[in-house]
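What follows is each chain in one-letter form.
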Amino acid sequence: MDFYKIFLSAHKGIGYLVLLLVAIFLLSLLMCMFGYSGRISKLLRKSTLFTMIAFHTQVLVGIPLLLIFSPGFKVALDNGTLMSDAYNRHTFVEHPFSMLIAAVLLTIIYKYMKKHDTIAMKIVIMGVIAIALFAYAFPWMRVFGA
Ligand code: HEM
């Protein structure tokens, strides 16, 4: 059984779900931000929760994928091309770290939403940073490229 393939397929599959959830999260965040009252809607609460869960799942699948199964990561380490090669750096360093930071930010945002009824500017900024990190780190070319 090829665990690398299983983990990579699971990671990619959940990746599509994350894309959809992040889009819903972004829309509900914008709607709340430009809404008159600034009240945290049910949609925003739920989309934050599900996006956070999906990110945490990706972290759980991504860590063994990176540290145990990925042959590309081992080759890059052995050859010393982890940081000097742009593809390796993005796939094995920037992608995991940016997604990890985004997962932490989403967790902070969700914790805030559990305690408050209205949104605060700092939370909107954190949400925008989390989405920007996700958009930067998502391997668009690998998933949608030719
Ligand atoms: C929500 C967060 C994440 C999303 C949406 C995501 C999505 C993806 C996608 C779509 C791929 C390409 C899969 C393919 O081409 O078949 C990928 C590759 C990869 N991801 Fe993630 N990822 C996330 C978080 C993480 C985290 C936190 C880690 C590690 C700590 C990680 C480690 C990796 C590794 C190592 C690869 C490349 C594996 C290889 O080429 O051997 N990912 N990710």
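Just so you know, these numbers come straight off a predicted model, no measurement behind them.

Student: Describe the overall build of the chain, and please don't skip the residues or the numbers.
Tutor: Looking only at helices and strands, the chain has six helices and zero strands in total. Taken from N to C terminus, the helices and strands of the chain fall in the order α-α-α-α-α-α. Overall size of the chain, expressed as C-alpha extent along the three principal axes, is 55 × 30 × 30 Å. Looking at the chain residue by residue over its 146 residues, the buried ones come to 22%. Partitioning the intrachain contacts of the chain with sequence separation of at least 6 by distance along the chain shows that 72% fall at a separation of at least 24.

Student: Let's hear about the environment of T48: which residues, and what values?
Tutor: One can find T48 in helix 2 (residues 42–69). Measuring from C-alpha to C-alpha, the distance between T48 and L26 comes to 9.4 Å, with 22 residues separating the pair along the chain.

Student: Can you lay out the site of the ligand for me, pointing to particular residues and giving the numbers?
Tutor: Lining the immediate environment of the ligand, one finds 24 residues, of which G15, G62, S70, P96 and M99 sit closest. Of all elements in the fold, only helix 1 (3–34), helix 2, helix 4 (86–115) and helix 6 (140–144) reach the threshold of two or more residues within the shell around the ligand. At seven residues, the largest contribution of residues to the shell around the ligand is made by helix 2. Its residues assigned to classes, the shell around the ligand shows 14 nonpolar, eight polar and two charged.

Student: Requested: an account of the UniProt feature "transmembrane region" (unreviewed entry) in the chain, with residues and values cited.
Tutor: As annotated in UniProt, the feature "transmembrane region" (unreviewed entry) corresponds to residues 14–36, 48–73, 93–112 and 119–138 in the numbering used here. Helix makes up 96% of residues 48–73 and strand 0%, whereas the separation of the span's terminal C-alpha atoms amounts to 31 Å.

Student: An account of the nonpolar core is needed here, citing residue identities and associated values.
Tutor: Ranked by internal contacts, the top residues of the largest apolar core, which has 21 residues, are F55, A102 and L106. Contributing elements (two or more residues each) for this core: helix 1, helix 2, helix 4 and helix 5 (121–137). In contact with A102, not counting residues within four places along its chain, are F55, A130, L133 and F134.

Student: Could you give an account of the environment of L133, naming the residues involved and the relevant values?
Tutor: Mapped onto the fold, L133 is located in helix 5. Assessed through the 19 C-beta atoms surrounding it within 10 Å, L133 is described here as partly exposed. Sequence spacing of L133 and H95 is 38 residues, and the spatial spacing of their C-alpha atoms is 8.9 Å. When neighbours within four sequence positions are excluded, L133 is seen to be in contact with S98, I101 and A102.

Student: Account for the packing of helix 1 against helix 2, naming residues and giving values.
Tutor: The geometry of helix 1 relative to helix 2 is characterised by a closest axis approach of 8 Å and an angle of 155 degrees between their N-to-C directions. Taken together, the axes of helix 1 and helix 2 lie roughly antiparallel to each other. Handedness of the helix 1/helix 2 crossing: left-handed. In terms of residue class, the contact of helix 1 with helix 2 is made up of 23 nonpolar, eight polar and no charged.

Student: Can you explain the packing of helix 1 against helix 5? Please cite residues and give values.
Tutor: Look at helix 1 against helix 5: their axes get within 11 Å of each other, and the N-to-C directions meet at 155 degrees. Overall, the two elements helix 1 and helix 5 adopt an arrangement that is roughly antiparallel. Helix 5 is crossed by helix 1, and the crossing has left-handed handedness. Taken together, the residues of helix 5 that come into contact with helix 1 (itself represented by V22, L26, L29 and M33) are V124, G127, I131 and F134. Split by residue class, the contact of helix 1 with helix 5 holds seven nonpolar, one polar and no charged.

Quick notes on the rules
Residues numbered from 1 in each chain as written. Predicted model: local features only at pLDDT ≥ 70, side-chain atom pairs only at ≥ 80, totals over all residues. Helix = DSSP H or I, 4+ residues; strand = E, 2+ residues; numbered from the N terminus. Buried ≥ 20, exposed ≤ 12 C-beta atoms within 10 Å, placed from the backbone. Contact = placed C-beta atoms within 7 Å. Near = placed C-beta within 6 Å. Nonpolar A, V, L, I, M, F, W, Y, C, P; charged D, E, K, R; others polar. UniProt positions renumbered as here; feature names shortened; annotations may be inferred. Core = buried A, V, L, I, M, F, W, Y, C linked by C-beta atoms within 7 Å. Axes fitted to C-alpha atoms, helices over the stretch in contact; angles between N-to-C directions. Parallel < 35°, antiparallel > 145°, perpendicular 65-115°, else oblique. Left-handed = near helix turned anticlockwise from the far one by under 90°.

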